[in-house]
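Per-entry structural report
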Protein chains: 2
Amino acid sequence: MGNEKGLTPQAEDFSAWYNEIVQQAELASHSAVRGCMVIRPYGYRIWELIQAGLDGMFKATGHQNAYFPLFLPKSALDREAEHVEGFAPETAIVTHAGNSELEEPLVVRPTSEAIIWPIVRDWIDSYRDLPLLLNQWANVVRWELRTRPFLRTTEFLWQEGHTAHATESEAEEETRRMLGVYRTFMEDWMALPVITGLKTESEKFAGAVRTYATEGLMRDNRALQAGTSHNLGQNFARAFDVRFQTEEGEHDFVWSTSWGVSTRLIGGLIMAHGDDTGLVLPPRLAPYQAVIVPIWRNEDQKGQVLESAARLAEALVGGGIRTHLDGREGMNPGAKYYDWERRGVPVRLEIGPRDLEAGQAMVVRRFTPDGEDRKRPLSLGGITEELETLLVRMQGELLAEATERRGANTTRNVESMDTFRDVVESVGGFVFTGWCGDEGCEARVKEETKATIRVIPDEEFRSSDPPTRCLCGEASVAEVVRAKAY
Amino acid sequence: MGNEKGLTPQAEDFSAWYNEIVQQAELASHSAVRGCMVIRPYGYRIWELIQAGLDGMFKATGHQNAYFPLFLPKSALDREAEHVEGFAPETAIVTHAGNSELEEPLVVRPTSEAIIWPIVRDWIDSYRDLPLLLNQWANVVRWELRTRPFLRTTEFLWQEGHTAHATESEAEEETRRMLGVYRTFMEDWMALPVITGLKTESEKFAGAVRTYATEGLMRDNRALQAGTSHNLGQNFARAFDVRFQTEEGEHDFVWSTSWGVSTRLIGGLIMAHGDDTGLVLPPRLAPYQAVIVPIWRNEDQKGQVLESAARLAEALVGGGIRTHLDGREGMNPGAKYYDWERRGVPVRLEIGPRDLEAGQAMVVRRFTPDGEDRKRPLSLGGITEELETLLVRMQGELLAEATERRGANTTRNVESMDTFRDVVESVGGFVFTGWCGDEGCEARVKEETKATIRVIPDEEFRSSDPPTRCLCGEASVAEVVRAKAY
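First, a word on what this report is: a plain description of the structure on this page.

Conventions used here
Residues numbered from 1 in each chain as written. Chains lettered and ligands numbered in written order. Predicted model: local features only at pLDDT ≥ 70, side-chain atom pairs only at ≥ 80, totals over all residues. Heavy atoms only, no water. Least-squares fit on C-alpha atoms with pLDDT ≥ 70 in both. Contact = heavy atoms within 4.5 Å. Helix = DSSP H or I, 4+ residues; strand = E, 2+ residues; numbered from the N terminus. Polar contact = N/O pair within 3.5 Å; in protein donor to acceptor, adjacent residues only side chain to side chain. Salt bridge = Lys/Arg side-chain N within 4 Å of Asp/Glu carboxyl O. Buried < 20%, exposed > 50% of the residue type's maximum accessible area, 1.4 Å probe, protein only. Phe/Tyr/Trp six-rings, centres within 6.5 Å; stacked < 30°, edge-to-face > 60°. Lys NZ or Arg CZ within 6 Å of the ring centre and 35° of its normal.

**Describing the relation of the copies chain B and chain A**
Each of the two chain copies can be brought onto the other by rotation about an axis and movement along it. Mapping chain B onto chain A leaves a residual RMSD of 0.0 Å; the transformation is a rotation of 180° accompanied by 0.0 Å of translation along its axis. In the structure described here, the two chain copies are related by an operation that fits a two-fold rotation axis. When C-alpha positions in chain B are compared against the rotation axis, the closest is assigned to V94 of chain B, at 2.0 Å. A share of 100% of the interface residues of chain B reappears at the interface of chain A, consistent with the copies meeting face to face through the same patch.

**A few points about the side chain of H63 of chain B**
All names here are of chain B. Inspection of the secondary structure assignment puts H63 in the loop between α2 (41-60) and β3 (64-65). Of note is the side chain of H63, whose polar atom sits 3.0 Å from the backbone oxygen of F58. Among the polar contacts listed, one links the side chain of H63 to the side chain of T61, at a separation of 3.1 Å. Leaving out residues up to four positions away in the same chain, H63 has contacts with F58, L133, L134, T163, E174, M178 and W259.

**Considering the pattern of salt bridges**
All names here are of chain A. Counted by the stated rule, this structure contains 70 salt bridges over all chains. For D241, the salt bridge is made with R121, and the minimal N-O distance between the two is 3.2 Å. Of this pair, D241 sits in the loop between α7 (235-239) and β12 (243-245) while R121 sits in the loop between α5 (113-120) and β7 (132-141), placing them 120 residues apart in sequence. Taking relative accessible area as the criterion, R121 reaches 31% and is therefore assigned partly exposed.

**A short note on the packing of aromatic side chains**
Tallied over the full model, the rule gives 25 aromatic pairs over all chains. Pairing Y182 of chain B with W259 of chain B gives two aromatic rings, centres 6.4 Å apart and planes at 70°, and the pair type is edge-to-face. Taken as a pair, Y182 of chain B in helix α6 (residues 168-188) and W259 of chain B in strand β14 (residues 255-262) lie far apart in primary sequence, 77 residues in all. The same class applies to Y182 of chain B as to W259 of chain B, namely buried. Every member of this aromatic cluster is reached through a ring pair, and the members are W47, F58, W137, Y182 and W259 of chain A. One residue, R40 of chain A, lies across the ring of W123 of chain B, its end atom 4.0 Å from the ring centre. A cation over a ring is seen here: R222 of chain B above Y486 of chain B, with NZ or CZ 4.3 Å from the ring centre.

Read these as layout, nothing more, since geometry by itself doesn't imply function.
Right, dumping it as structure tokens:
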């Protein structure tokens, strides 16, 4: 707590900066099991706020939570051909339990399609039971070789939506709806502008007909796939024989979707907004939106200041502002400032004897738009309302800043491989190019530049005058967004 | 949905009744993996309400949530001798992952003491870092031979509190505090009166110095251990070398506690209140506190009634009452009544053309104290406030009824084995007897009658004039509560 270890500047080594900030802000620790992280209270609180925000949006769109088992029989995973090919190599397998060897090994879920559909088929008789709109908050396990806290861990926490529909178009509508929910959450809560679009065949979910994704840009100009939404067509319904009686009395397989976001979002938050001072949290997802640091020079002052600080904290909490009074002994105010800036708290309130006399607190913002003063006094009367307004404004400023940064680091209309190579090497960021539609070409560009096709962007993100040629010189069939990515 | 299957009367076969109600109220289903259940949306919503209630109480007592890994190396479980002896036989073991055999097998957590302490030791330097008050919401796995939905499942959901303290007395105080939190939650939210007390040595948690428990009485007069709170002394701190610097500059092992409740509480809810009609839910934990059933005879009426019903639903939701409007087509009102009574909804509101003319709705309560009318009309003006008051009253009535039932099924001052045998066979319930303190005697009584010592009750539950002899005839050293239990 309150360590004053240095932080590697982002420009020097972004990856070192990331690992240090995860440790120093006490977001996560390593565990004895390779690739399994511990989410510490400060990091977990961010996850709770993410959960609350998303869960409200899922329920508002008619979804209900349920809970399905952690294990599935190995044979169940094998039922959908592409699915097993995609996931089997990453699974953890339970072979023994209760002191004896199992007849059939169990797979620890890497995702739950192959668990959910064999069960849910019994819940569906007719079109009246559709749509079935489920979501699950759970842990999943994918055995990864290279892991990084939040971004890629062996076990991670996530939500996985699973829905069944009577028609293909309803399933597609749901897939797009949830992509939209993710986008809204990322922009309005995380202050992270995202490009939405379709994944190419080689990048789609194993077992999906179509995968859509949201892609955000991090401060090192690499892309992060933040959420995915899959139209599964009738693939899983066929594999698990999930049928229903239509309104016309026929029988048909249901059309299903799945969609998920994970604790990876915390990695996205860190890398989208953090700076050389530390974490920068958007007010809506900050465990503490305001931290009060009391200042005193002697015992007399201490009593008075602490009492006023406690009253202020109570008033702010009463006004719905997540507030923490840092009354730690044996630590000077400067060290506390340093600690909370590192942890990304949006607003610090300094309160000392002179402030009390003047009936004010000194408000220090974690970030401001360029050129504006970070620090100004606020009168204690009406401070709750002032802070509410300020936090809303800061939320907007953070999104505006990230959007501007994305704009500055987006290059459009790149038509030649030489230019593409240059842009990827020098700037990075999102690069809009044409694509011939060939998977071999997609793979060659990735091989050579490490930049992949992130998405075939949705219409509103497309260029008004898109490239007519792919990087290989062939005619373009679709404009794509390419980037190096996490 | 809306099936009209019969329900076995409780008196005929309580166990059949239980299994049927779990299926018919759509609380849980079986899965392909033995002993792993699926918690369906209606059951999971109860769990979400339980979580919200408890989580608020944990945070109000200073605890923070965190998340620790699902797996632990087998060697870590072996570090605390009693702990491994208690849990190793029930564990599930991962031997393969990512297509190869692991060097050291991993245990799927049956509980997390052996995961948490090796990690948390790095977070604690001095007394200033104490107390450390953590909680985790997670899934755990214990390989059980005989399983029943909610009561005993291979995988279950729970919360596990883990705390570290500077002194023995603070750890004891925390252990008791959380036992008190559980009791408050069970009484005020679940309407389940519980006896609190100390477990005997043979029934305590593997690795604990002392285990306290809350014991409730089900409607078949068997006891249910609903929550446990463990004082772990320095056992785990020694096993995992968790030391801190005291205020005096010495080094000492921390004193730790753990405490947990699980999805078993849902089983407790079902068995504490359910009747031959179905589930009975306390208003504070009911997914829907009120269900509106619209009644119409023709299309004209239908439009009008549905519109008013929707307005009523909106008003109730606005007033903070969890309300569902059952607008299902092709299902008559009677079938809907049946369905929601089976699912234990506290209040049903019937609304038809005649009610609309009279500006009222017919309110039907799921249960009433003996003799009171279940049904009465309520004017639509002010109905939200009326229902709020009614729901609070019903919550209290349910607790009062359960407390009265417990009283009627508690037998005190049983001194002879013959009487004890008779009481256990004829009445069941809680039986207060003396105990000689001998584990052999405890085991013999259990062997012969299947009734175990539930707890050495806390002072307020003890008899004013307790038995002086144990059932074996020896002098009693402590009054105990015995019962057949789940």
